[in-house]
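Chain and residue survey
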Amino acid sequence: MWYAIISEDVADSLSQRQSARPAHLQRLEQLKQQGRLLVAGPHPAIDSLEPGEAGFSGSLVIAEFDSLTSAQKWADEDPYVAAGVYQAVTVKPFKKVLP
(Lines give C-alpha, C1' and ligand atoms only; values in the text may rest on other atoms or scores of the structure.)
Protein backbone atom coordinates (compact mmCIF):
# COMPACT_ATOMS: atom_id res chain seq x y z
CA MET A 1 0.00 0.00 0.00
CA TRP A 2 1.04 3.60 -0.56
CA TYR A 3 1.83 5.83 2.43
CA ALA A 4 2.26 9.60 2.61
CA ILE A 5 5.08 10.81 4.83
CA ILE A 6 4.47 14.48 5.53
CA SER A 7 7.23 16.27 7.41
CA GLU A 8 7.48 19.78 8.85
CA ASP A 9 10.85 21.44 9.27
CA VAL A 10 12.07 23.30 12.33
CA ALA A 11 12.76 27.00 11.78
CA ASP A 12 16.00 27.77 9.93
CA SER A 13 16.58 24.14 8.92
CA LEU A 14 18.59 24.83 5.77
CA SER A 15 22.06 24.07 7.19
CA GLN A 16 20.86 20.84 8.82
CA ARG A 17 19.18 19.84 5.55
CA GLN A 18 22.32 20.47 3.54
CA SER A 19 24.50 18.33 5.81
CA ALA A 20 22.08 15.37 5.91
CA ARG A 21 20.88 15.61 2.29
CA PRO A 22 23.21 13.01 0.70
CA ALA A 23 22.12 10.28 3.14
CA HIS A 24 18.47 11.34 2.82
CA LEU A 25 18.62 11.13 -0.99
CA GLN A 26 20.39 7.76 -0.87
CA ARG A 27 17.44 6.24 1.01
CA LEU A 28 14.98 7.72 -1.49
CA GLU A 29 17.06 6.37 -4.37
CA GLN A 30 16.82 2.88 -2.83
CA LEU A 31 13.02 3.14 -2.77
CA LYS A 32 13.08 4.33 -6.40
CA GLN A 33 15.29 1.44 -7.52
CA GLN A 34 12.90 -0.98 -5.80
CA GLY A 35 9.96 0.56 -7.68
CA ARG A 36 8.37 1.72 -4.41
CA LEU A 37 8.65 5.52 -4.73
CA LEU A 38 5.73 7.45 -6.22
CA VAL A 39 6.97 10.97 -5.50
CA ALA A 40 9.30 12.81 -3.13
CA GLY A 41 10.36 16.38 -2.63
CA PRO A 42 10.61 19.38 -0.34
CA HIS A 43 8.16 22.25 0.20
CA PRO A 44 9.95 25.53 -0.56
CA ALA A 45 9.45 28.07 2.23
CA ILE A 46 8.58 30.73 -0.36
CA ASP A 47 6.75 30.68 -3.69
CA SER A 48 9.80 29.70 -5.72
CA LEU A 49 11.36 26.50 -7.05
CA GLU A 50 14.73 27.81 -5.84
CA PRO A 51 14.06 29.39 -2.44
CA GLY A 52 17.72 30.13 -1.68
CA GLU A 53 18.32 31.18 1.92
CA ALA A 54 14.58 30.93 2.70
CA GLY A 55 15.03 27.16 2.56
CA PHE A 56 12.23 24.69 2.96
CA SER A 57 9.28 24.24 5.29
CA GLY A 58 8.98 20.47 5.03
CA SER A 59 8.89 17.45 2.75
CA LEU A 60 6.53 14.96 1.18
CA VAL A 61 7.32 11.34 0.35
CA ILE A 62 4.75 8.94 -1.06
CA ALA A 63 6.07 5.41 -1.14
CA GLU A 64 4.94 1.81 -0.95
CA PHE A 65 5.40 -0.18 2.26
CA ASP A 66 4.01 -3.46 3.63
CA SER A 67 2.23 -1.72 6.51
CA LEU A 68 1.76 1.54 8.35
CA THR A 69 4.20 0.24 10.95
CA SER A 70 6.95 -0.31 8.36
CA ALA A 71 6.28 3.10 6.79
CA GLN A 72 6.55 4.75 10.21
CA LYS A 73 9.77 2.88 10.96
CA TRP A 74 11.27 4.02 7.64
CA ALA A 75 10.24 7.62 8.36
CA ASP A 76 11.67 7.48 11.89
CA GLU A 77 15.05 6.40 10.48
CA ASP A 78 15.31 9.31 8.01
CA PRO A 79 18.65 11.14 8.28
CA TYR A 80 16.72 14.40 8.44
CA VAL A 81 15.13 13.19 11.69
CA ALA A 82 18.55 12.40 13.17
CA ALA A 83 19.90 15.78 12.00
CA GLY A 84 17.06 17.68 13.68
CA VAL A 85 15.55 18.98 10.42
CA TYR A 86 12.00 17.86 11.18
CA GLN A 87 9.85 19.08 14.06
CA ALA A 88 6.95 16.77 13.12
CA VAL A 89 6.42 13.77 10.85
CA THR A 90 3.01 12.36 9.98
CA VAL A 91 2.64 9.00 8.24
CA LYS A 92 -0.71 7.92 6.87
CA PRO A 93 -2.14 5.61 4.22
CA PHE A 94 -2.51 7.09 0.73
CA LYS A 95 -4.87 5.94 -2.01
CA LYS A 96 -3.61 6.83 -5.48
CA VAL A 97 -6.54 7.67 -7.76
CA LEU A 98 -5.04 9.82 -10.55
CA PRO A 99 -3.18 9.76 -12.85
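Residues numbered from 1 in each chain as written. Predicted model: local features only at pLDDT ≥ 70, side-chain atom pairs only at ≥ 80, totals over all residues. Heavy atoms only, no water.

What about the nonpolar core?
Within the largest apolar cluster, eleven residues are counted, these being Y3, I5, L28, L31, V61, A63, F65, A71, W74, A75 and V91. Of all the elements in the fold, those that place two or more residues in this core are β1 (2-9), α1 (14-33), β3 (56-64) and α2 (68-76). When residues of this core are assigned to their parent elements, the largest contribution, three residues, is made by α2. (Core = buried A, V, L, I, M, F, W, Y, C linked by side-chain atoms within 4.5 Å. Buried < 20%, exposed > 50% of the residue type's maximum accessible area, 1.4 Å probe, protein only. Helix = DSSP H or I, 4+ residues; strand = E, 2+ residues; numbered from the N terminus.)

Section: the side chain of R27
Inspection of the secondary structure puts R27 in helix α1. By relative accessible area, R27 is classed as buried at 13%. Apart from residues lying up to four places away in sequence, R27 is in contact with W74, E77, D78 and P79. (Contact = heavy atoms within 4.5 Å.)

Let's talk about α2
Of all the residues in α2, the buried ones are A71, W74 and A75. Looking straight down α2, one finds that the buried residues subtend no more than 100° of arc, so they occupy a single side. For α2, the elements touching its buried residues are β1, α1, β3, α3 (79-82) and β4 (86-94). (Arc of directions from axis to C-beta.)

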